[in-house]
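What follows is each chain in one-letter form.
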Amino acid sequence: MNLNICCIPGDGIGPEIIAEAKKVLKKVAEKYGHNMEFTDVLMGGASIDAYGVPLTDETIAVAKESDAVLMGSIGGDTNTSPWYELEPHLRPEAGLLKIRKSLNLFANLRPAVLYPQLAGACPLKEEISAKGFNMLIMRELTGGLYFGERKTVEENGMLTAIDTLTYTEEEIRRIAVKGFEIARKRRGKVTSVDKANVLDSSRLWRKVVNQVAPNYPEVTLEHMLVDNCAMQLVRDPAQFDVILTENMFGDILSDEASMVTGSIGMLASASLNDSRFGLYEPSHGSAPDIAGKDIANPIATILSAAMMLKFTFDLDEEAAAIEKAVEAVLEKGYRTGDIMSEGCIQVGCSQMGSLIEEAI
Ligand code: IPM
Ligand code: MN
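Rules used throughout
- Residues numbered from 1 in each chain as written.
- Chains lettered and ligands numbered in written order.
- Predicted model: local features only at pLDDT ≥ 70, side-chain atom pairs only at ≥ 80, totals over all residues.
- Heavy atoms only, no water.
- Axes fitted to C-alpha atoms, helices over the stretch in contact; angles between N-to-C directions.
- Helix = DSSP H or I, 4+ residues; strand = E, 2+ residues; numbered from the N terminus.
- Parallel < 35°, antiparallel > 145°, perpendicular 65-115°, else oblique.
- Left-handed = near helix turned anticlockwise from the far one by under 90°.
- Contact = heavy atoms within 4.5 Å.
- Nonpolar A, V, L, I, M, F, W, Y, C, P; charged D, E, K, R; others polar.
- Pairing = 2+ DSSP bridges.
- Near = heavy atom within 4 Å.
- Polar contact = N/O pair within 3.5 Å; in protein donor to acceptor, adjacent residues only side chain to side chain.
- Areas by Shrake-Rupley, 256 points an atom, 1.4 Å probe, with all protein chains shown as cover.
- Buried < 20%, exposed > 50% of the residue type's maximum accessible area, 1.4 Å probe, protein only.
- Disulfide = S-S within 2.5 Å.
- pLDDT = per-residue confidence, 0-100.
- Core = buried A, V, L, I, M, F, W, Y, C linked by side-chain atoms within 4.5 Å.

1. Here we look at the packing of helix 1 (residues 14-32) against helix 12 (residues 349-359)
Interaxial distance between helix 1 and helix 12 falls to 9 Å at its minimum, and their mutual angle equals 15 degrees. The angle between helix 1 and helix 12 places the two elements in the roughly parallel class. As for how helix 1 packs across helix 12, the hand of that crossing is right-handed. Residue-level inspection shows E16, I17, E20, K23, V24 and K27 of helix 1 in contact with helix 12, the latter providing C349, S350, G353, S354, I356, E357 and E358. Classifying every residue of the contact of helix 1 with helix 12 by side-chain character gives four nonpolar, three polar and six charged.

Written out as structure tokens, the structure is:
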């Protein structure tokens, strides 16, 4: 198979973790006889430094011509980086929002899994972590507060900032369908998360999700308020299979879910549109404080590459080979600093990548 992959190394630890994911992908291509082409492009701070904007039209065009995009991470230290002295629409994150919108990547899948080998890193009480958990957060990615009209005005000498939260029933329906579709291939449960006791957008969300549900009789649907969900994630994470939610709630809940797994350095993500195209990136940020030190954990990016093989290319066996290689390396006791525990062997970013490459 020919795989035409656009790579966005990005900022901070991005280039280091992407290098490791490429290593692993090249090994998979070699072993299974695929032809992989990588085209590197700039986004975020790296693009600001080169072109003055966080995302150029040329970069969007390259991404569109490819089968999938594999991304590292973008952004810098918001307190010290000069990128954050620019107008909001010229900052690194604006590039990420623009590429999501331009490619219509409305469905963001963020799996949060507690690996048995890493149960010790889970900050929850042992009686909770012992049950293990494996959930998938399905976050709407191109609507809501992130893309509503916003402005700051001065009225009678008083500054007032306005952000708008808008959802159409069509935007809700298409993400709900994705949520139910994936739940039926998993454990058959959808928890739709909203704030329907306060927000109109949430009341519409709940109504549309209820309309979609009868098409999936094998899937159980429950509704949960977002504040309760935040609590349930630490009280009993094993209860969740698919969490279906809007953009902002999904942003917050997915960070919380990743924390209870013990390391955000392990969590992959896929952002999909209605075709097979997708953008794959780790759920974590660019960690500028540890950039260039060869200590970042490349596993989330490597697992994102596995998601790419599965969702865009239908290469389930190859994806499983990567997942198994990651588990084998963890089983042998190798850890990057973020997931290190007593009795294990600490390795750097590139060594972790090489170990996984060898385990393929
Ligand atoms: C994420 C990030 C982004 C978001 C930022 C960098 C704009 O936090 O992918 O979760 O809020 O969506
Ligand atoms: Mn986030």
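2. Some details on the sheet that holds strand 2 (residues 35-40)
Here we have 10 strands laid out as an open sheet, ordered 2-1-3-12-11-4-5-10-8-9, and mixed in their pairing. Edge positions in the open sheet fall to strand 2 and strand 9 (220-225), since each of these has one partner strand only. Here the average twist between neighbouring strands, direction ignored, is 25 degrees. The pairing of strand 8 (residues 189-194) with strand 9 spans six bridges and is classified as parallel. Residue pairing across strands places S192 opposite H223, the latter belonging to strand 9.

3. Digging into the site of ligand 1
The local shell around ligand 1 consists of E93, R100, R110, R139, Y146 and D251. One nitrogen or oxygen atom from the side chain of D251 is found 2.9 Å from an oxygen atom belonging to ligand 1. Protein chains bury 75% of the 320 Å² of accessible surface belonging to ligand 1 in isolation. Residues of the shell around ligand 1, tallied by class, amount to one nonpolar, no polar and five charged.

4. A look at unusual backbone geometry
One non-glycine residue, N104, lies in the positive phi region at around 55 degrees. Among the secondary structure elements, N104 is positioned in the loop between helix 4 (92-102) and strand 4 (107-113). Given a relative accessible area of 34%, N104 falls into the partly exposed group. Of note, D294 is a non-glycine position whose phi angle comes to about 55 degrees, a positive value. Mapped onto the secondary structure, D294 falls in the loop between strand 12 (278-280) and helix 10 (299-311). The exposure class of D294 is partly exposed, given its relative accessible area of 34%.

5. Observations concerning the state of the cysteines
As enumerated under the stated definition, the model contains zero disulfides in all. C344 provides the cysteine sulfur closest to C122, a residue in no disulfide bond, and the two sulfurs are 16 Å apart. Here C122 falls in the buried class, since its relative accessible area comes to 7%.

6. With respect to the confidence of the model for the protein chain
Put simply, the protein chain has an average pLDDT of 96, and 100% of its residues get 70 or more. When pLDDT is averaged over each helix and strand of the protein chain, the minimum, 90, is found for helix 5 (residues 126-129) and the maximum, 99, for strand 8.

7. Description of the packing of helix 8 (residues 226-235) against helix 9 (residues 247-260)
At a minimum axis separation of 9 Å, helix 8 and helix 9 run at an interaxial angle of 10 degrees. Here helix 8 lies roughly parallel to helix 9, going by the angle between them. Facing helix 8, whose interface residues are V226, C229, A230, L233 and V234, helix 9 presents F249, L253, E256, A257 and V260. Looking at side-chain class alone, the contact of helix 8 with helix 9 contains nine nonpolar, no polar and one charged residues.

8. Digging into the pairing of strand 5 (residues 134-140)
For strand 5, the buried fraction is high: six of the seven residues fall into the buried class. In terms of strand pairing, strand 4 meets strand 5 through seven bridges, oriented antiparallel. For A112, the partnering residue across the bridge sits in strand 5 and is M135.

9. Observations regarding the nonpolar core
Judged by nonpolar contacts, the single largest core of 83 residues is most densely connected at L70, L109, M138, M308, L309, I322 and I356. The element contributing the most residues to this core is helix 10, with eight residues. For L109, the residues in contact, after removing those within four places along its chain, are L136, I137, M138, I182, A268, S269, A270, L272, M307 and F311. Judged by nonpolar contacts, the second largest core, of 16 residues, contains V41, I60, L105 and F277.

10. Description of the side chain of T59
The residue T59 is located in helix 3 (residues 57-65) in this model. Judged by relative accessible area, T59 falls into the buried class, the value being 4%. Residues contacting T59, with those up to four places away along its chain left out, are V41 and L42.

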